[in-house]
Every structure is written in structure tokens, then in C-alpha cells.
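Chains, contacts and geometry: an overview
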Amino acid sequence: MAVLPAQFASLEPFAEWALPSEFDRYGKRIESSMEDMQAFYDAAMPALESGTEYLKGVALDGISEEDRNLVWLFCSLVTVSFPIEAWRQARVPDSGASSIDVVVEPGP
Amino acid sequence: MPHFTKPESGSWTEHFGLATEPVNYDDSISPEFYALEQEAVFKKTWLNVGRVEQLPKNGSFFTKELDGAKTSVIVVRNKDGELRAYHNMCRHRGNKLVWNDYPREETAGMCRQFTCKYHGWRYDLDGKLTFVQQESEFFNLDKADYGLKNVLVDEWQGFVFVNFDPDAAPLKEYMGALGAGLEGYPFGQLTQKHTYRAEIGSNWKLFIDAFMEFYHAPVLHSKQSVSEEARKLQGVGYEALAYDIDGPHAMVSSWGGMSPPKDLSMVKPIERVLRSGLFGPWEGPDLGELPEGINPARHPAWGIDSFLFFPNFMLLIWKPGWYLTYHYWPTSYNTHIFECSLYFEPPKNAFERIQQEMAVVTFKEFGLQDGNTLEATQTMIESGAVTEFPLCDQEVMLRHLHKVVRGYVAEHSAAQTQGHPTAAPTPVSAAS
Ligand code: FES
Ligand SMILES: [Fe+2]
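The following refers to the structure shown.

**Side note on the overall build of chain B**
Counting secondary structure elements, chain B contains nine helices and 21 strands. Whereas a compact globule of 432 residues would reach a radius of gyration of roughly 22 Å, chain B reaches 23 Å, a difference of no more than 12%. Overall, chain B is about 80 × 60 × 35 Å in size when its C-alpha atoms are taken along their principal axes. The buried share of chain B, reckoned over its 432 residues, is 55%. For chain B, restricting intrachain contacts to residue pairs at least 6 apart in sequence, the fraction spanning at least 24 positions comes to 66%. Taken as a whole, chain B presents about 18,800 Å² of accessible surface, with 52% of it coming from carbon and sulfur. Once the 39 positive and 55 negative side-chain charges of chain B are each reduced to a mean point, those two points are 6 Å apart.

Written out as C-alpha cells, the structure is:
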């Protein structure tokens, strides 16, 4: 069953990244391999680029379930972009055991 | 080779009348000094504990754990819509009055009155004791004598502060010229809030130190930029546009031309696609003319101002129309809780929501690097192997912070000794 808007069907295999909390998005990143994150990144980056106008047309008031999932998925892309574009590893370098956890976050 | 003008005296440090000698950090490594800070600093100064948006209705309340002041407070909006604050403590036998499940965790909500979990005493929102279980069993108990213990509470630009010193000067006066320079900034319009929290294994002042200088940024955070840009940044180093100090408070004004960048190849692909990054969405909301205290050098390359309102409240105003706050709540001499809240204008569409997420996540990636470095600093300073540390002119705000803390402690100790001539002198060095 599709969880994303029809025009983002190519991202359905990555639907598990549509997580509503930054805590979970970061957690999934830490548990994922670089290969898996690269595959997600490679699929989602062009979709974000071509989907920008669509996203600008999506009001947050009364947002549909599919659009909400899409926002969470692209928020995960943001989280994953750091290992892919900057760190070359899942964790922030030299961040050891330290953690900074979200306690208040808005919905879309 | 300075890129930005320094004061006539040649350095910011000398301009503000601060010494240029190496600084001793023994104010950050001992339980004894922390005990003095609790009395002299955290029980004597205005502490920002939240924003008015957290108290939207009459009866809205939140609690705040303040180990620095050795207490917990309840902040509430009473039936008349006024702010009130109390020690979070029942007058019967001292149980913590408001908490859920875990007594050490903060909570928030709406209520008509406060009821103690222990024996059911009740207090109204003005702190008056209104009900005593089996009142007739008590001896001459006058409920009027057992209201909640008041704490001073006041509001500045929508920020809610408490003060445990009943003789404290008014908040507006305390905020001084730096506070006055920010009045009118549309804080109340930027209500889209993300809050982060971390337990940090360092003295509270060391993390403030880290966020009050950008001298470390081109080095510690170099991998956050594309590599060519990182090399350039390290070569140039860092210089602020301006610093200012007023009373115990201080600010640094900084450039930051990343919004939007002149050259798109300077930024990471995700930033190019989202048109957002550390400095927030490149095309942020137009907030109109900003108050005078922002970008005091009136520099066209201005990007961010960081204010420290003593002791532990930092306010960062970013050029693209948003702000964030940092708080550092000590829990012991070498641990503290770090809180960061980022405030944006509510996004108008899904794309703006994702752009804001980019700024939020970038902050977190930086913060993780900063936080871990601190634990490494704390343990080494505690070793005592080296006790004097040279601070450069771009670290002027750190020098000032440690001096102010020592000043408060020295003044408090002097007052104690005067008030109680028999008391032993407190072992504190008042040196800057
Ligand atoms: S301690 Fe609160 S009612 Fe007894
Ligand atoms: Fe930093």
C-alpha cells in the first residue's frame, strides 16, 4: 500500500524513513549502513529537487497523510545528508557517546 | 592581519579593561567553588526559565529544576493572567508539590489548583493554602501562614525569568543596555519551536565558553564545509565584527555570508537544493527593521549576533529571520544540562518545514562536536597538570565571563564575612 503521494512512487522502497520524530530519524541513521544510506540519498535527492515546487504547494494546515509522510521522509534525507556529504560515517566524528536529544518538535 | 576594525586600544580585551594574562580555570573544577556559585550567582541573578508561549492560558504552568539554586520552581499564570512563581514545595512536610511519575523530571500543563500527592493539601494559583486534610487534627494552624514560598518572576520581551533574591533589582534594569538594544525584536512572531537537551560532562561555564568564541569554528567544524571552503576558512581564521560588554552581560557580532552564498559550489548539495543551512533558510521571513542592538557594527556581511545574559542565557539572532536560545543548567561542578531551542516563523508550506529541519539538524551536528570536546577539556583541566591558559582577543567574552563569576563569588563571600564577623574567611581568589 502506497504511503507517499503518487508522483513520489519511486521513493516507496524507502518509506521506512518516513519517521515523525527527529529522535527516530537520527536513531535510524546510526543503525544504518553507509550503503543503505547512500541508496536512500541517491533516490531522494533528485526527488527533492524535482519535487520542490510540489512541496511549496502543500499547506501544512490539514496536510494529507501521504504528504505528511513525504515531509518526514525528506526530513530523514536531511539527517542522512550529513554522513553522506560530510562525515563518511553514520556518527558525527569525535562525538563519542555524547547525545543531544530532541524534547520539543513541531509536526508538519 | 585584521580583516575587521578593532577598537583604538588595539584589542577588544584591553578596550574592555580586561587583563591579558593567562586565565586560571579553578572556578570550573571544584565542588567548593560550585557551592559558592549556587549562593552568589544562581540564587542572586535573574534566570530565564522559559517563554510566555509556554503559559498560554490562565492556569498554565511549568516546573523547572534548578540545581544551581538548589531548588525546583513552579511558574504559573494565575486567574488574573499574571505570572507567579513558587518554590515547588509543599508547606506541610516538604514534598515536591508538582511532578509526574519521576520527581526529578520537569513537567507542564494546566490546572486550577495544586494538590500535594502526599496528604492532599491544596494551594490556589496565587499560592494560598486553601485546604488541609483533617484540619482539626492540627494545632492552631492558620492556613494564611502556610502559603507557597514566593519567588520573584518577571517577563522581558516574552522571556520569563525568576529570581531567588527578594531584593533583586527589576529585570529590565538587570538586562541593561544589551537587553534594551534587543527590545522590539519580533520574538513573539517566531513560534515554531524545536528544543534539544543534552547532559554534558563539563562545568556549565566551559560550554558557554565554547559558544562565545568562533575561534574554534574553522578547525573543529571544518568537515561541515566542502573541503575547498574548509581550507579557505582555516587559512583566514576567525574574527568577529564587534564585541560589547555591559555589566555582567556580553555579546559578539559575527559575519556569515552563507545566506545565500556567493558561490553555490561552496555549500553542500543538500544546502543547494534546500536553500538552507547552518544560518537557516536563505530566504527567511522579512522581519522589518531590526532593533538597534543587532549588528552593532552595521556591517553588510553581518550574519549572527550572540548575546550572553549572565549567568546562563544565550540568545542568538540570525540574519535570515530566526533566533535560538541556549541555557546551561549546572547539576554539579562538572556536569550540566544543556538546552537549545530554535525558533522560526511557522512554516507556510511543506518545503519551508524541511528547510527549517536543515537548520535544526545542522545545529545538532555542530552541538555534538562541541559537547564531546568539552568532556575532553573538563577531564584534562581537572588533572591540574596545567593551570594557566592563554586566551586570545577573540576569546574576550570567556575572559569576561570567568571574571564576572569570580566577582560575584568574591562579593558574596565578602558580604558573608561582614555580616558574620566570626565566620571563617572563604577561600576564594578574587583575581580576574
Ligand atoms: S507533604 Fe504535602 S500534604 Fe503532606
Ligand atoms: Fe562550535
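**Describing the packing of aromatic side chains**
Scanning the entire structure with this criterion turns up 40 aromatic pairs over all chains. When the ring of Phe-159 of chain B is compared with that of Tyr-323 of chain B, the centres are 6.1 Å apart and the planes differ by 75°; the resulting orientation is edge-to-face. With Phe-159 of chain B in strand E11 (residues 159-163) and Tyr-323 of chain B in strand E19 (residues 322-332), this pair connects stretches of sequence that are 164 residues apart. Pair check on accessibility: Phe-159 of chain B and Tyr-323 of chain B agree, each one buried. Centroid distance Phe-187 of chain B to Tyr-323 of chain B: 4.9 Å. Interplanar angle 85°. Geometry classified as edge-to-face. You can see Phe-187 of chain B sitting in the loop between helix H3 (171-180) and strand E12 (192-200) and its partner Tyr-323 of chain B sitting in strand E19, a full 136 residues away along the chain. Accessibility expressed as a relative area gives 1% for Phe-187 of chain B, which makes it buried. Positioned above the aromatic ring of Trp-17 of chain A is the side chain of Lys-28 of chain A, whose terminal nitrogen or guanidinium carbon lies 4.7 Å from the ring centre. The ring centre of Tyr-26 of chain A lies 3.8 Å from the NZ or CZ of Lys-364 of chain B, which sits over that ring.

**Some remarks on the nonpolar core**
Residues Phe-74 of chain A together with Leu-315, Tyr-326 and Phe-338 of chain B are the most contacted members of the largest nonpolar core, which totals 141 residues. Looking at which element gives the most residues to this core, the answer is helix H3 (residues 65-87) of chain A, with 13 residues. When residues of this core are assigned to domains, at least three map to each of domain 1 (12-23 + 178-405) and domain 2 (53-156) of chain B.

**With respect to the interface of chain B and chain A**
Quite often, the size of an interface is put as the accessible area lost when its parts meet. The partner chain A presents 43 residues to the 31 residues of chain B that form the contact. Of the roughly 3,400 Å² buried where chain B meets chain A, counting both sides, 69% is carbon and sulfur surface. Between Arg-25 of chain A and Glu-357 of chain B there is a salt bridge, with the nearest N and O atoms lying 2.8 Å from each other. Along the contact surface separating chain B from chain A lie 18 residue pairs in polar contact (both at pLDDT 80 or more). Mapped by element, the contributors of at least two residues to the side of chain B that touches chain A are E12, helix H7 (269-274) and helix H8 (350-383) of chain B. Top contributing element to the side of chain B that touches chain A by residue count: H8 of chain B, with 14 residues. By residue class, the composition of the side of chain B that touches chain A is 13 nonpolar, nine polar and nine charged. Pairing of strand E1 (residues 101-104) of chain A with E12 of chain B involves three bridges; the strand directions are antiparallel. Within E12 of chain B, the residue paired with Val-102 of chain A across the bridge is Tyr-196 of chain B.

Parameters at a glance
- Residues numbered from 1 in each chain as written.
- Chains lettered and ligands numbered in written order.
- Predicted model: local features only at pLDDT ≥ 70, side-chain atom pairs only at ≥ 80, totals over all residues.
- Heavy atoms only, no water.
- Helix = DSSP H or I, 4+ residues; strand = E, 2+ residues; numbered from the N terminus.
- Rg over C-alpha atoms; globule rule 2.2 N^0.38 Å.
- Buried < 20%, exposed > 50% of the residue type's maximum accessible area, 1.4 Å probe, protein only.
- Contact = heavy atoms within 4.5 Å.
- Areas by Shrake-Rupley, 256 points an atom, 1.4 Å probe, with all protein chains shown as cover.
- Lys, Arg positive; Asp, Glu negative; His and termini not counted.
- Charge placed at Lys NZ, Arg CZ, Asp CG, Glu CD.
- Phe/Tyr/Trp six-rings, centres within 6.5 Å; stacked < 30°, edge-to-face > 60°.
- Lys NZ or Arg CZ within 6 Å of the ring centre and 35° of its normal.
- Core = buried A, V, L, I, M, F, W, Y, C linked by side-chain atoms within 4.5 Å.
- Domains from an automatic or database assignment.
- Buried area = accessible area lost by both parts, 1.4 Å probe.
- Salt bridge = Lys/Arg side-chain N within 4 Å of Asp/Glu carboxyl O.
- Polar contact = N/O pair within 3.5 Å; in protein donor to acceptor, adjacent residues only side chain to side chain.
- Nonpolar A, V, L, I, M, F, W, Y, C, P; charged D, E, K, R; others polar.
- Pairing = 2+ DSSP bridges.

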